[in-house]
Amino acid sequence: MDLTEDNGGYCHYGQPNVVEPDRPTTLNAHDSSLPTSFDLLVESFRLPLELYDRFRRIVNTNDFSPIIVTMHGFINRIREIGSSRPCQVLWSPTIPTQEHVDDACLLSSGHDTVSIVLAHAREDAQLTFLSLKDNQVKNVLRRDWKRAKKGGVSALATMLQPLKFASGGYDHQIHLWSMDDDLSHASSVQLAVRHTSMIHSLLSIRDTSHKLVSAGADRNVHLWDLCSERVARTLKTSNTPHNIHRTESPFCTLLEVAHLDLQFEVHDHRMVPICPVQRFGFATQVPSGRYMKGDTWSHFFVSGDRDGRVRVWDLRNVSGEPYVCQCFENEVTQVVKTENHILACSKRSEYRLISVHDG
């Protein structure tokens, strides 16, 4: 039985499902398993990058204007694909080659500005807070770290509470941060979450209480309860997890893992360790990396692969065929759901839209 919810909101699981790359790439729009239809739009654009720079992360704003962050710390806002100037430059670093950006997240500040936090894979100035408005503000946030380990921050997550975010490091540590109301200063507290390797992904959720989900290279996924200040659950993945996503049920999370055929796992937090996880995916020759990232919305999950294809899965019926389209001739690094579209980005910093038509 596939992932569904009963009247009590419980998720049920079935057998693993693998979809081969050469399966049909279109779906009947009236298929009951996937009533929503998708169309790949002709419009596309390419964001020029500096020498040796590369795409790192797309983050969504409240007005669904995606913001692009590169490894060298350049920040651009996508305004309108197909126009003569599809992007607006928000930030250009002074010394780009020293930025080493690993992740980024938006901060819910309540101010009329774009507040963004950058994670850097370096020992000095591991976190940077930027307030991008007319008077741009840059603050370096000091982070205590284990100097016996590698320095740098590898993962960020916006918390559900305003002015709060979480960071995870190469040194296996997780910190919870709180910004002052005037955005001038941030304080942090280290959480007693035990990982034995670097943190790959963080996610703030709320089921019966506020929790922070952390996934590490040690294949452990911990659910830290912010109220009781303890690890409420620990999940074990079949391989290294790269990214964590919310699902339609607040009690379930979807993880992207390093597999050649079962890259995605849906876990129900309440059923650990009694019930098996729901696994699904597609056949590939090379597993995805931690900078490749998909997205979820409603009961859908979208992801890209190394061959330029984008797949959309209906999580209510993962044994059904996903929508598949060829977006690029090279690797898809990230896909995100905007208001009415799916935005796909390639390794060569090409961008395309897939229109989403609700059934």
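Refer to the preceding data block for the structure.
Quick summary incoming for the structure in this document. (Residues numbered from 1 in each chain as written. Predicted model: local features only at pLDDT ≥ 70, side-chain atom pairs only at ≥ 80, totals over all residues. Heavy atoms only, no water.)

### Side note on the sheet that holds strand β6 (residues 67–70)
Spatial strand order, β5-β6-β7-β8: four strands in an open sheet with antiparallel pairing. A strand with exactly one partner marks an edge of an open sheet, and here the two such strands are β5 (55–59) and β8 (87–91). Averaged over all pairs of adjacent strands, the angle between strand axes in this sheet comes to 25°, irrespective of strand direction. Alignment of β6 against strand β7 (residues 75–78), held across three bridges, turns out to be antiparallel. Among the inter-strand pairings, Ile68 is bridged to a residue of β7, identified as Asn76. (Pairing = 2+ DSSP bridges. Helix = DSSP H or I, 4+ residues; strand = E, 2+ residues; numbered from the N terminus. Axes fitted to C-alpha atoms, helices over the stretch in contact; angles between N-to-C directions.)

### Details of the packing of aromatic side chains
Overall, the coordinates contain 11 aromatic pairs when judged by the stated rule. Here the aromatic rings of Phe264 and Phe282 are separated by 6.3 Å at their centres, their planes lie at 45°, and the arrangement is tilted. Note that Phe264 is positioned in strand β23 (residues 264–268) and Phe282 in strand β24 (residues 278–282), a separation of 18 residues in sequence. Judged by its relative accessible area of 5%, Phe282 is buried. Through pairs of rings, three or more aromatic residues link up here, namely Phe264, Phe280, Phe282, Phe301 and Trp313. Here Arg56 stacks its cationic end above the ring of Tyr291, 3.7 Å away from the centre of that ring. The lysine or arginine in question, Arg311, covers the ring of Phe282, its NZ or CZ lying 3.8 Å from the ring centre. (Phe/Tyr/Trp six-rings, centres within 6.5 Å; stacked < 30°, edge-to-face > 60°. Buried < 20%, exposed > 50% of the residue type's maximum accessible area, 1.4 Å probe, protein only. Lys NZ or Arg CZ within 6 Å of the ring centre and 35° of its normal.)

### Section: the side chain of Ser214
Along the polypeptide, Ser214 turns up in strand β18 (residues 210–216). At 2.8 Å, the side chain of Ser214 and the side chain of His195 are in polar contact. In contact with Ser214, not counting residues within four places along its chain, are Ile174, Val193, His195, Ser201, Leu202, Asn220, Val221, His222 and Ile244. (Polar contact = N/O pair within 3.5 Å; in protein donor to acceptor, adjacent residues only side chain to side chain. Contact = heavy atoms within 4.5 Å.)

### Points about the nonpolar core
Within the largest apolar cluster, 16 residues are counted, with the highest numbers of intra-cluster contacts made by Phe38, Trp297, Val310, Val312, Ile342 and Ile354. Looking at this core, the elements with two or more residues in it are β26 (300–304), β27 (309–314), β28 (323–326), β29 (332–337), β30 (341–346) and β31 (350–357). With sequence-adjacent residues up to four places away left out, Trp297 is seen in contact with Phe38, Val302, Val312, Lys337, Ile342 and Val356. Counting 15 residues, the second-largest nonpolar core is a separate cluster that includes Cys105, Leu107, Trp177 and Met179. (Core = buried A, V, L, I, M, F, W, Y, C linked by side-chain atoms within 4.5 Å.)

### Some remarks on the side chain of Ser303
Secondary-structure assignment places Ser303 in strand β26. Using a relative accessible area of 3% as the deciding quantity, one classes Ser303 as buried. Residues within four places of Ser303 in sequence aside, it is in contact with Phe264, Gly294, Arg309, Val310, Arg311, Trp313 and Val335.

### Some details on the sheet that holds strand β13 (residues 153–158)
The strand order β13-β14-β15-β16 describes an open sheet built from four strands, whose pairing is antiparallel. Since the sheet does not close on itself, it has two edges, and those belong to β13 and β16 (186–190), each with one partner. Each strand axis lies, on average, 25° off the axis of its neighbour in the sheet, ignoring direction. Relative to strand β15 (residues 174–179), strand β14 (residues 164–169) runs antiparallel, the two sharing five bridges. Residue pairing for β15: Gly168 is matched across the bridge by Ile174.

Limitation: the analysis is restricted to geometry and does not speak to function.
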